[in-house]
Amino acid sequence: MKKIIEKDYQSLSEKAALLIKEEIEKNPSLVLGLATGSTPLGLYKKLIEMNKKGEVDFSQVTTFNLDEYLGISSSHPQSYNYYMHKNFFDEINIKKENVFIPHGETENPEEHCKWYEKKIEEKGGIDLQILGIGGNGHIGFNEPGSSFSSSTRVVSLSKETIEDNSRFFEKKEEVPKKAITMGIETILKSKRIILLSSGENKKEAVKKAFKGKVTEEVPASVLQTHSRVTFLLDEKAEDF
Ligand code: F6R
């Protein structure tokens with residue numbers, strides 16, 4: 001695995017944007033896997049800026065998001081669908097039909113998961129997957145204990161994740177208890193993976209993922225088994 005250390009969050013975001021731009025230049029019809037959360041916000045801001053200046057073109061790019069809360073409408077301000085449109089898609093020249101995010105309101109979640117997995121395959125697989133990491137080492141909503149051979153599925157969120165995410169909801173009871181997430185195997189099928197992490201509170205999780213034991217108890221540790229992974233960190237998230 002490769003490790004890139006940037007001075008701070010700003011330069012980490014700029015570097016990530018640059019790496020994506022390079023991939024799109026090499027392959028204008030890139031299939032890009034995306035994450036939500038606070039970490040990629042700076043990256044999206046930078047990509048919007050570059051797109052508006054004509055430095056990067058999303059007109060042929062396809063995207064697949066990692067996850068979505070289950071039982072939440074796409075217009076709910078805390079849905080990942082809403083987040084992605086507000087913070088990224090509405091501001092760039094991507095075609096709406098090339099944007100894929102699991103449906104939080106699906107009537108048949110199991111069927112929907114299968115459909116999502118098939119759609120990724122149909123598009124030729126994910127060329128570049130962007131990941132964040134949870135304090136407990138989760139990737140997507142694959143919590144500790146998730147099978148390394150899991151595919152897109154419905155999962156229950158851990159207490160820790162519900163706690164972490166409650167800052168975005170008015171009341172903790174409002175945080176959905178379930179989600180749809182790409183599986184670990186789905187993520188591992190990506191041709192290239194870039195994991196972003198910033199700040200002191202992720203230090204332990206990043207260290208375990210990068211050089212700890214490969215175990216289902218630390219989902220991100222599975223990345224050590226992939227041939228093309230880059231950890232893109234700021235100084236505060238790195239101490240090893
Ligand atoms: C979001 C996702 C999560 C986050 C992780 C880190 O789509 O898949 O795994 O990447 O929870 O979140 P932040 O960046 O808010 O610390």
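Counting starts from 1 at the beginning of each chain's written sequence and moves along it residue by residue. In view of the model being predicted, local features appear only for residues whose pLDDT reaches at least 70, and side-chain atom pairs are presented and counted only at 80 or more, with totals across whole chains, interfaces and linings using the full set of residues. Side-chain figures throughout are based on the complete set of non-hydrogen atoms in the structure, without hydrogens or water.

As a further point, take the site of the ligand. In the vicinity of the ligand lie 13 residues, with Thr39, Asp67, His138, Gly140 and Lys202 positioned nearest. Whenever a nitrogen or oxygen atom comes within 3.5 Å of another N or O atom, the pair is scored as a polar contact, on the condition that within protein one atom can donate a hydrogen and the other can accept it, and that pairs from neighbouring residues in sequence are kept only if both atoms are in side chains. Here an oxygen atom of the ligand sits 2.8 Å away from a polar atom, N or O, in the main chain of serine 38. The side chain of lysine 202 places a nitrogen or oxygen atom 2.6 Å from an oxygen atom of the ligand. For the area figures, the Shrake-Rupley method with a 1.4 Å probe applies, and any residue is considered shielded solely by the protein chains shown. Burial of the ligand by the protein chains amounts to 91% of its free accessible area of 410 Å². For the ligand, the cavity whose grid points lie within 2 Å of the majority of its atoms is the largest pocket. For the shell around the ligand, the residue count by class is three nonpolar, seven polar and three charged. Any residue with a non-hydrogen atom lying within 4 Å of a molecule or strand is treated as near it. With a 1 Å grid laid over protein atoms only, a set of points is called a cavity when a 1.4 Å probe fits there but cannot get out and a pocket when it is open yet has protein on both sides within 12 Å along at least five of seven lines; lining residues have an atom within 4 Å of a point. If over half the atoms of a molecule are within 2 Å of the grid points of a cavity or pocket, the molecule is regarded as sitting in it. In this count, Pro and Cys sit with the nonpolar residues alongside Ala, Val, Leu, Ile, Met, Phe, Trp and Tyr, while Asp, Glu, Lys and Arg are called charged and the others, Gly among them, polar.

What counts as a helix is a DSSP run of H or I of at least four residues, what counts as a strand is a run of E of at least two, and both are numbered from the N terminus. Helix span, as expected, comes to 1.5 Å for every residue beyond the first. With 14 residues, helix α4 (residues 109-122) extends 20 Å between its outermost C-alpha atoms, agreeing within 8% with the 20 Å of an ideal straight helix rising 1.5 Å per residue. Residue burial is assigned from relative accessible area. The probe radius is 1.4 Å, only protein chains are included, and a residue is buried under 20% of its type maximum, exposed over 50%, and partly exposed in between. Among all positions in α4, only Pro109, His112, Cys113, Tyr116, Glu117, Lys119 and Ile120 are buried. An end-on view of α4 places all buried positions within 155° of arc, on one side of the element. Summarising the geometry of α4, the exposed residues directed more than 90 degrees from the buried face are Glu110, Lys114, Lys118, Glu121 and Glu122. Contact between two residues is taken to exist if any of their heavy atoms lie within 4.5 Å; hydrogens are not considered. Where α4 is buried, its residues meet β3 (62-65), β5 (99-100), β7 (153-156), β8 (178-181) and α6 (184-188). One or two residues past the end of α4 sits glycine 124, with phi positive at roughly 95°. Directions are taken from the helix axis to each C-beta atom, and the arc is the one they span.

A separate point is the packing of aromatic side chains. Here a Phe, Tyr or Trp ring, Trp counted by its six-membered ring, pairs with any other such ring whose centre lies within 6.5 Å, and the pair is stacked when the planes are under 30 degrees apart, edge-to-face when over 60, and tilted otherwise. Evaluated as defined, the whole model comprises 12 aromatic pairs. Centre to centre, the rings of phenylalanine 64 and phenylalanine 100 are 4.8 Å apart; their planes meet at 15°, and the pair counts as stacked. Taken together, the residues span a long stretch of sequence, with phenylalanine 64 in strand β3 and phenylalanine 100 in strand β5 at a distance of 36 residues. The buried category is assigned to phenylalanine 64, whose relative accessible area is 0%. Taking 4.9 Å as the distance between ring centres and 45° as the angle between the ring planes, the aromatic pair formed by tyrosine 69 and tyrosine 80 counts as tilted. Within this pair, whereas tyrosine 69 is found in strand β4 (residues 67-69), its partner tyrosine 80 is found in helix α3 (residues 80-87), the two being separated by 11 residues in sequence. Charge over a ring is defined by NZ of Lys or CZ of Arg lying within 6 Å of the ring centre and within 35 degrees of the ring normal. When the ring centre of phenylalanine 210 is taken as origin, the NZ or CZ atom of lysine 3, which lies over that ring, is 5.4 Å away.

Adjacent strands of a sheet pair through backbone hydrogen bonds, lying either parallel or antiparallel. Between any two strands, pairing holds if DSSP finds at least two bridges. The strand order across the open sheet built from seven strands is β1-β10-β9-β6-β2-β3-β5, with neighbouring strands paired in parallel fashion. Of all the strands in the sheet, the pair left with one neighbour each is β1 (2-6) and β5. Where strand β2 (residues 31-34) lies against β3, four bridges are found, and the strand directions are parallel. Directly across from glycine 33, in β3, lies its bridge partner phenylalanine 64. Across the face of the sheet, α4 comes into contact with β3 and β5 while running at roughly 150° to β3. Axis lines are fitted to C-alpha atoms, over the contacting stretch for helices. Their N-to-C directions set the angle, which ranges from 0 to 180 degrees. Where helix α7 (residues 203-211) meets the sheet, its contacts fall on β1, β9 (192-197) and β10 (229-234), and the angle it forms with β10 comes to roughly 155°.

By definition, a salt bridge exists where a carboxyl oxygen of Asp or Glu is found within 4 Å of a side-chain nitrogen of Lys or Arg. Per the counting criterion, the structure on display carries 15 salt bridges. With a shortest N-O distance of 2.8 Å, lysine 3 and glutamate 238 are connected by a salt bridge. With lysine 3 in strand β1 and glutamate 238 in the segment after β10, the pair connects residues that are 235 residues apart, well separated along the chain. Taking relative accessible area as the criterion, lysine 3 reaches 31% and is therefore assigned partly exposed. Classification of glutamate 238 by relative accessible area gives buried; the value is 18%. For glutamate 200, the salt bridge is made with lysine 203, and the minimal N-O distance between the two is 3.5 Å. For lysine 203, a relative accessible area of 22% puts it in the partly exposed group. Shared partners join several salt bridges into a network, and the residues in it are Glu23, Lys26, Arg192 and Arg228.

Turning our eyes to something else, we now look at the layout of surface pockets. Grid points are joined across faces, edges and corners, and a volume is the space filled by probe spheres set on the points. Here the largest pocket defines a volume of roughly 790 Å³. As for the largest pocket, its lining consists of 35 residues, and the residues nearest its centre are Thr36, Gly37, Ser38, Arg167 and Phe168. Tallied by class, the residues present in the lining of the largest pocket amount to 14 nonpolar, 16 polar and five charged.

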